[in-house]
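# Architecture and fold: a report
As a plain string of letters, each chain reads:
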Amino acid sequence: YSRLTWDTKQSRLAFFYDAAGVNTDPKVAPPPRPAGTPPGSAPPALPPKWHVYTWDRKGGAAVEAMNPGTKGLKPGMKLNGTTLGFNRDGTRLHLAVTADRPPAPPANASAEKVELDLWHWKDGHLQPAQKIRGDADRTRSFSAVLFLDTHEFRQVSDDSLAVGLPAAGDWGLGSDDKKYLHLTGIINPVPRDYVLVNVKTGEKKPILSANVNGAALAPSGQHVLHYDGKDWHTIAVATGTKANLTANVPTKFWNEEDDHPQLPPPYGSAGWTADGKFVLLYDRSDLWKVAADGSGAENLTKIGRTNNLRFRLSNVRDDDDEDEDLLGVNLAKPLHFTATDQRTRDVVLYRLEPGKEPKELVSGPYAHVLSAKAKKAEVYLVQRSSFFDHPDYFTTDASFSKLDKVTDINPAIRNYNWGRAELVHYTSADGQPLSGVLVKPENFDAKKKYPMVVYIYERLSQNLHQFRIPNVTGGQVINPTFYASNGYLVLMPDIAYRTGQPGQSAIKCVLPAIQ
């Protein structure tokens, strides 16, 4: 038995049962040991034969819901034995199938072996990539559903379309990038076509072509949300009605600081409201509640841009709202946020009561993260860190008036000359205000001179409070903790790039920071 899975109400259980090699008839002898196998050795493992069972908490024995002979399971396919879950109302199981391939024959060392790499200009992936992806492609899984009332089984995904199964409703969202794979390395990300697929009937409705920014189905199954490089849009699943959500909202939802030579990415989404009527979207500073039909928008956090803060929702939940979280955020309850001060890079905590402005709970020269809330009490777990302070955990009550430290994870760092990080401000040669991080040895003496290492890579000042163990990982040029501990200054200035001028942009930003 494996993959025991409850439905959302924990009233029904589903699990896999592997019947391979199981023999309930004592008169039938076990299979013979293969020739050449030493006596006493274990027989080779048989390919699994997955059955699916369900059990109702009200009582009774488990009931078989599916087996390898179930109608709808295509020839040459089998359950993958790992994917298993209920949809939101518990009426169907979400599964996956994979190709039922026979075991590979043993290699014959004496036979002549010729290996060829066959290249074709229409290949979606180049040969080196095909080799890397080979095992994953051979064992690829395809989504499928089992309707528990009728025991009807339907494979939803195939080689031409990958379909995500909906938590609610009958329409899943499928995507396909095959006809655009030849653009790999030219366009990033590679475009995709999106299609709505009815998991009951198999009906398909194309909704987006050559989309490069992705699309997602709302938890309620009522809308598809996508971004076009400037604005957010929805498509109503039932009617196909399209709406531009942000064209008339007086703010920008694309990353204003992004300086790559392509469409800017969005600041992102915090999900949907629990009733499915609103989507929660970020601009640079605040969180907005935007109607799914584009009829209106409201700035929930309000003070972010005015106070140079960047609010982001903390995903902590009460003990009584677990079921609601499957659909979205309940705006009738208090919400908690982290807020990054863009002037100091401190990450502080706020609470937002319905209908009010956010209230600061915890501040200070650290990066704070609200990690969890106790299920049955108003007790919260907060993580706090800085360049000098290892991330440790603190507890507090609903007032957040006092943080009680409950861990001391790495006290040994106090035995070393670790280093201190501070934020520096400067103006580029083009007149743009910028920031950077300057790391000094812990025993820094302002009367002495120190060698300085300048490390540049786009913007780095947001990492002011990042704690770093003094080691070197793949792709990392320098470790500022290691250099500071050995008597160096480390400067990490922000760079604002201009398209087509990476070298000149770096010079115009780095030299003023050094000076």
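This one's a predicted model, so the numbers in the text were calculated from it and none came from an experiment. Here, residues in each chain are numbered from 1, in the same order as that chain's written sequence. In keeping with the model being predicted, local features are shown solely for residues with a pLDDT of at least 70 and side-chain atom pairs are shown and tallied solely at 80 or more, while totals for entire chains, interfaces and linings include all residues. Hydrogens and water molecules were not included; the side-chain quantities draw on all heavy atoms of the structure.

### Details of the overall build of the chain
Put simply, the rule reads: Under the DSSP-based scheme used, a helix requires at least four consecutive residues in state H or I and a strand at least two consecutive residues in state E, with every element numbered from the N terminus. A simple rule labels every residue: compare its accessible area, found with a 1.4 Å probe on the protein chains alone, to the largest value its type can have, and call it buried under 20%, exposed over 50%, or partly exposed in between. Contacts: residue pairs with any heavy atoms within 4.5 Å of one another. Note on areas: Shrake-Rupley with a 1.4 Å probe; residue coverage comes only from the protein chains shown. In this charge count, Lys and Arg are treated as positive and Asp and Glu as negative; neither His nor the chain ends contribute. Lysine's charge is taken at NZ, arginine's at CZ, aspartate's at CG and glutamate's at CD.
Summing up its helical and strand segments, the chain has four helices and 33 strands in all. Once the C-alpha set of the chain is aligned to its principal axes, its extents read approximately 90 × 65 × 55 Å. In the chain, which comprises 515 residues, the share counted as buried stands at 39%. For the chain, restricting intrachain contacts to residue pairs at least 6 apart in sequence, the fraction spanning at least 24 positions comes to 49%. Accessible area for the chain stands at about 29100 Å²; split by element, carbon and sulfur atoms hold 53% of it. Each charge class in the chain can be summarised by its mean position, and for the 60 positive and 58 negative side chains these summaries are 1 Å apart.

### Comments concerning unusual backbone geometry
Each neighbour pair has its own omega, and for Asn188 with Pro189 the value is 0°, a cis peptide bond. Along the chain, Pro189 falls in the loop between strand S11 (171-176) and strand S12 (192-198). For Arg3, which is not a glycine, the phi torsion comes out positive at approximately 55°. Looking at the secondary structure, you find Arg3 in strand S1 (residues 2-6). On the accessibility criterion, Arg3 (47% relative accessible area) is partly exposed.

### Considering the sheet that holds strand S3 (residues 50-56)
Formally: A pair of strands is treated as paired once DSSP finds two or more bridges between them. A fitted line through C-alpha atoms represents every axis, and for helices the fit uses only the stretch in contact; the resulting angles, taken between N-to-C directions, go from 0 to 180 degrees.
Strand order in the open sheet formed by four strands is S1-S2-S3-S4, and the pairing between neighbours is antiparallel. Of all the strands in the sheet, just S1 and strand S4 (63-66) have a single pairing partner and so form its edges. Ignoring strand direction, the axes of neighbouring strands in this sheet form an average angle of 30°. Across three bridges, the pairing between S1 and strand S2 (residues 12-18) is antiparallel.

### Some words on the sheet that holds strand S18 (residues 269-272)
Judged by pairing direction, the sheet is antiparallel, and its four strands sit side by side in the order S18-S19-S20-S21 without closing on themselves. Edge positions in the sheet fall to S18 and strand S21 (297-299), since each of these pairs with one other strand and no more. Across this sheet, the average inter-strand angle for adjacent strands is 20°, counted without regard to direction. Inspection of the sheet shows S18 paired to strand S19 (residues 278-282) by three bridges, in the antiparallel sense. In the sheet register, Gly271 faces S19, and the bridge partner there is Leu280.

### Observations concerning helix H4 (residues 502-514)
Heads up, the rule is: Here the expected span of a helix is defined as 1.5 Å times the quantity of residues minus one. In this description, the arc belongs to the directions extending from the helix axis to the C-beta atoms.
Over its 13 residues, H4 runs 18 Å from end to end, which matches the ideal 18 Å to within 8%, given 1.5 Å per residue. Buried residues of H4: Ser505, Ala506, Cys509, Val510 and Ala513, and no others. Here the buried residues of H4 occupy an arc of 105° about the axis, which is enough to place them on one side. If you follow the buried residues of H4, they end up packed against strand S30 (420-427), strand S31 (433-440), strand S32 (452-454) and strand S33 (489-493).

### Observations regarding the packing of aromatic side chains
Rule in force here: Stacked, tilted and edge-to-face are the three classes applied to pairs of Phe, Tyr and Trp rings, where Trp contributes its six-membered ring and a pair requires centres within 6.5 Å; stacked means planes under 30 degrees apart, edge-to-face means over 60, and tilted covers the rest.
In total, this model carries 15 aromatic pairs according to the counting rule given. Taking 5.5 Å as the distance between ring centres and 70° as the angle between the ring planes, the aromatic pair formed by Tyr1 and Phe15 counts as edge-to-face. Highlighted residues: Tyr1 in the segment before S1 and Phe15 in strand S2, separated in sequence by 14 residues. Both rings, one in Tyr380 and one in Phe400, keep their centres 5.0 Å apart while their planes meet at 40°; by these two values the pair is tilted.

### Brief notes about the nonpolar core
Going by this rule: Only buried residues count toward a nonpolar core, which is a set of Ala, Val, Leu, Ile, Met, Phe, Trp, Tyr and Cys residues joined through side-chain atoms within 4.5 Å.
One finds Leu79, Leu93, Leu95 and Phe153 to be the most contacted residues of the largest nonpolar core, which totals 19 residues. When contributions to this core are tallied by element, the ones reaching two or more residues are S2, S3, S4, strand S5 (77-79), strand S7 (92-99) and strand S8 (141-147). Excluding residues within four positions of it along the chain, Phe153 makes contact with Met66, Thr70, Lys71, Gly72, Leu73, Leu79, Leu95, Val97, Ala144, Val145 and Leu146. In terms of nonpolar packing, the next biggest core, distinct from the first, is built from 17 residues, Leu280, Leu309, Leu335 and Leu352 among them.

### A word on the side chain of Asp392
Defined as follows: Definition of a polar contact: a pair of N or O atoms within 3.5 Å, with one able to donate and the other able to accept a hydrogen when the atoms are protein atoms, and with sequence-neighbouring residues admitted only if both atoms are side-chain atoms.
Residue position: Asp392 is located in strand S28 (residues 392-397). Residue Asp392 is classed as buried on the basis of its relative accessible area of 5%. Within the structure, the side chain of Asp392 is placed 3.5 Å from the backbone nitrogen of Asp408, a separation counted as a polar contact. If we skip the residues at most four places from it in the chain, Asp392 touches Val382, Gln383, Arg384, Lys405, Thr407, Asp408 and Ile409.

### Some details on the environment of Gln155
Among the structural elements, Gln155 can be located in strand S9 (residues 152-155). In this structure Gln155 comes out as buried when scored by relative accessible area, which is 14%. Once the C-alpha coordinates of Gln155 and Tyr1 are considered, the two residues, 154 residues apart in sequence, prove to be 23 Å apart. Once you skip the residues sitting within four places of it in the chain, Gln155 turns out to touch Lys74, Met77, Val97, Phe142, Ser143 and Ala144. Within the structure, the side chain of Gln155 is placed 2.8 Å from the backbone oxygen of Ser157, a separation counted as a polar contact.

### So, a nonpolar patch on the surface
Our working rule: Surface patches are drawn from residues lacking salt bridges whose relative accessible area is over 30%; two like charges belong together within 9 Å, two nonpolar side chains (Val, Leu, Ile, Met, Phe, Trp, Tyr) within 5 Å. Here, a salt bridge means any side-chain nitrogen of Lys or Arg that lies within 4 Å of a carboxyl oxygen of Asp or Glu.
On the surface, Met452, Val454, Ile456, Ile507, Leu511 and Ile514 cluster together to form a nonpolar patch covering roughly 470 Å² of accessible area. Mapped onto the nonpolar patch, the elements with two or more residues apiece are S32 and H4. Looking at where Met452 falls in the secondary structure, it is placed in strand S32.

### Examining the environment of Asp177
Relative to the helices and strands, Asp177 resides in the loop between S11 and S12. Residues Asp177 and Asn211, spaced 34 residues apart in sequence, show a C-alpha to C-alpha distance of 9.5 Å. When near neighbours in sequence (up to four residues on either side) are disregarded, Asp177 contacts Val190, Pro191 and Arg192.

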